[in-house]
Amino acid sequence: THLCRSLGTGKKAEAVRQARLVAADFERLLRGEGIAEPGQSHIDRTARTVERVPPAPPPVRPDKTLRELLAIFLDDPVKVRGQKTRMIYDNAIPIVGEVLGMDTPLRSIDREACRRLMEMLRWLPTNAKKRFPKMTAVEAANMARSKKLTSTLGYAAINSYLKCLSALMNFAVNEGFLDRNPAKGLRVVDPRHRRDRRLPFSDEQLRSIFNAPLYRGCVDDEYGYADVGPNHPRRGRFWVPLIALFSGMRLNEICQLDTADIRLLDGVHCFAITNRSVSGTDDKRVKTSTSERVVPVHPRLTEIGFMEFVMERRSSGAIKLFADLPLSTTGYYSDPFSKWFRRFLGKINATRPKTCFHSFRHCFRDALREARIDHDVALALGGWSSGNGSEGTLTAEAYGRGFRLKTLAEAMERVDYPNLDLSHLIPDHSPPPAG
């Protein structure tokens, strides 16, 4: 019949104030509303009760489909994506969508679905749309599996599709459309050793290339480049393979050169490999940040007459060094030239397994090794990364300004191909015979 509570004070005024609060608590207790703990006011208790109320969950964003995600991804103003990137996604995602569903909600795409896609790609025939135009990609893959066809997508092509999907899903995670990327790390392993994927040109191939009619005398460098003739045109198709052999530059790095990219720096004629143009349109690209570099012009190119060619192009007011080389719809000069070079190798019977234009870059790397060029100097000349992503390496490379041009030029002079005779390409500067 009684409830007792100590007010915890010996002062009358404080006891009177506390008594009123305790009486109010007793009244609420009788009404079933609970009572404050000793020494705690009702206001304090109410505040603690409010604090224990869990916060409202964040609003759920409306689910997106794969089709909607692709549109948002390509139109994202945060990152500019070139025409070639757009074409890759425009071609890859519809095939991905045949398995996952272009109108499937993103949250319905799980790891299992991504693995089904990978399995389909492993059996997808090469050029499936052209070879089997009446079949979907899934139907073509099922047919190839049942008939055990061997002409299916390579490891690089399969991983390219998976990389596109993973990049899309990463974007979806960053934008809050997904909690996790179901395609993260999904790829097929190429069982071939890395050195077996692409080879340098053999000495026999190099001799066939640089003794072809294009370099000995042809009809023209358009359609008659493989036919013996009296002409010796020296334009893009003549110079690009030579520059690749004696600089290790990538195909697009060479084809996109401006006349202003051949510079005299510290007394050394150099190729300035950059994605910036001094004048003209901004149509240049480099592969990675380490690709931007300065490469000395090899003395053999100078002997063959490269600097005279550059001066002629400048005196004519040309901006592009090789104006005869077209720019593809993908935004790269290398695509049309790569296709032509494959035909060129076939015309001169120099086609061999695992070799293509990029084999020139492998030839240059081997020549650097044969010349005993310092490893770091070789990486600087070729624009290769160190292959070591450790924090210590990255920090170390951020110090200093790199090698002096004289050092790079001295290394370049040692690059040689002793089994390749190019004396027929050196202009004859001797005076004409009397009479």
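Residues numbered from 1 in each chain as written. Predicted model: local features only at pLDDT ≥ 70, side-chain atom pairs only at ≥ 80, totals over all residues. Heavy atoms only, no water.

A. Focus on the overall build of the protein chain. For the protein chain, the helix and strand inventory stands at 19 helices and 3 strands. With 435 residues in all, the protein chain has 39% of them scored as buried. Of the contacts made within the protein chain by residues no fewer than 6 positions apart, 65% connect residues no fewer than 24 positions apart. Just so you have it, the protein chain exposes about 25700 Å², and 53% of that area is on carbon and sulfur atoms. (Helix = DSSP H or I, 4+ residues; strand = E, 2+ residues; numbered from the N terminus. Buried < 20%, exposed > 50% of the residue type's maximum accessible area, 1.4 Å probe, protein only. Contact = heavy atoms within 4.5 Å. Areas by Shrake-Rupley, 256 points an atom, 1.4 Å probe, with all protein chains shown as cover.)

B. Representation of helix α16 (residues 359–370) within the structure. For α16, with 12 residues, the first-to-last C-alpha span of 16 Å sits near the 16 Å given by 1.5 Å per residue. Those residues of α16 not exposed but buried are S359, F360, R361, C363, F364, R365, A367 and L368. Buried residues in α16 make contact with α9 (203–210), α11 (236–247), β3 (293–296), α15 (334–347), α17 (375–382) and α19 (405–413). One or two residues past the end of α16 sits R372, with phi positive at roughly 60°. (Expected span 1.5 Å × (residues − 1).)

C. Representation of helix α7 (residues 137–147) in the model. Those residues of α7 that sit buried are A137, A140, A141, M143 and A144. Here the buried residues of α7 occupy an arc of 160° about the axis, which is enough to place them on one side. Tucked inside the fold, the buried residues of α7 contact α4 (83–100), α5 (111–123) and α6 (128–131). Once α7 ends, the next one or two residues include K148, with phi positive near 55°. (Arc of directions from axis to C-beta.)

D. Expanded view of the confidence of the model for the protein chain. On average, the protein chain scores 84 in pLDDT, and the residues at 70 or more come to 84%. Every residue in residues 388–400 scores below 50 in pLDDT, and together they form 4 contacts with partners more than four places removed in sequence or on other chains. Predicted confidence for residues 429–435 stays below pLDDT 50, and this span has 0 contacts to residues more than four positions away or in other chains. (pLDDT = per-residue confidence, 0-100.)

E. Highlighting the sheet that holds strand β2 (residues 268–273). Overall, antiparallel pairing links the 3 strands, which are arranged β1-β2-β3 in an open sheet. Of all the strands in the sheet, the pair left with one neighbour each is β1 (262–265) and β3. Averaged over all adjacent pairs, the angle separating strand axes in this sheet is 45°, with direction ignored. Helix α14 (residues 306–315) contacts β1 and β2 of the sheet and is inclined by roughly 110° relative to β1. (Pairing = 2+ DSSP bridges. Axes fitted to C-alpha atoms, helices over the stretch in contact; angles between N-to-C directions.)

F. Up close: the nonpolar core. With 67 residues, the main nonpolar core has F210, L242, F271, F306, F341, F344 and F360 as its most contacted residues. Counting residues per element, this core draws most heavily on α11, which supplies 8 residues. Beyond its immediate stretch of four places on either side in the chain, F341 contacts F201, I209, P241, C356, F357 and F360. Core analysis: the next-biggest nonpolar cluster, separate from the first, contains 42 residues, A113, M120, L162 and C164 among them. (Core = buried A, V, L, I, M, F, W, Y, C linked by side-chain atoms within 4.5 Å.)

G. Spatial organisation of the pattern of salt bridges. By the definition in use, this model includes 15 salt bridges. Here R235 makes a salt bridge to D221, at a shortest N to O gap of 2.9 Å. Taken as a pair, R235 in the loop between α10 (213–216) and α11 and D221 in the loop between α10 and α11 lie far apart in primary sequence, 14 residues in all. Judged by its relative accessible area of 7%, D221 falls in the buried class. (Salt bridge = Lys/Arg side-chain N within 4 Å of Asp/Glu carboxyl O.)

H. Broad picture of the pairing of β1. Pairing geometry for β1 and β2, over 4 bridges, is antiparallel. Residue pairing in the sheet places R263 in a bridge with C270 of β2. The antiparallel pairing of β1 with β2 creates a hairpin that spans 2 residues between the two strands, and D266 there sits at a positive phi of about 55°.

I. How the structure looks around the packing of α11 against α16. The N-to-C vectors of α11 and α16 enclose an angle of 30°; their axes lie 7 Å apart at closest approach. Between α11 and α16, the residues in contact are P241, A244, L245, F246 and S247 and F360, C363 and F364, respectively. Per-class residue counts for the contact of α11 with α16 are 7 nonpolar, 1 polar and no charged. (Nonpolar A, V, L, I, M, F, W, Y, C, P; charged D, E, K, R; others polar.)

J. Region of the structure containing a positive patch on the surface. A grouping of K130, K339, R342, R343 and K347 is seen on the molecular surface, where their side chains present a positively charged patch. Along the chain, the position of K130 falls in helix α6. Look at K130 and you get exposed, because its relative accessible area is 73%. (Patch = residues over 30% accessible without salt bridge, like charges linked within 9 Å, V, L, I, M, F, W, Y side chains within 5 Å. Lys, Arg positive; Asp, Glu negative; His and termini not counted. Charge placed at Lys NZ, Arg CZ, Asp CG, Glu CD.)

K. Up close: the side chain of R250. Here R250 lies in the loop between α11 and α12 (251–255). Apart from residues no more than four positions distant in its own chain, R250 is found in contact with K287, S291, R293, R361, G382 and G383.

L. Up close: the packing of α4 against α5. Between α4 and α5, whose axes approach to 9 Å, the crossing angle comes to 120°. Taken together, the axes of α4 and α5 lie oblique to each other. Taken as a pair, α4 and α5 cross one another with a handedness that is right-handed. Contact residues: I95, V96, V99 and L100 in α4; A113, C114, R116, L117, M120 and L121 in α5. Taken together, the residues that form the contact of α4 with α5 break down as 9 nonpolar, no polar and 1 charged. (Parallel < 35°, antiparallel > 145°, perpendicular 65-115°, else oblique. Left-handed = near helix turned anticlockwise from the far one by under 90°.)

M. Here's a closer look at the pairing of β2. Of all 6 residues in β2, 5 are buried; the element is thus mostly enclosed. With 4 bridges joining them, β2 and β3 adopt antiparallel strand pairing. Note that in β3 the partner of C270 across the bridge is P296.

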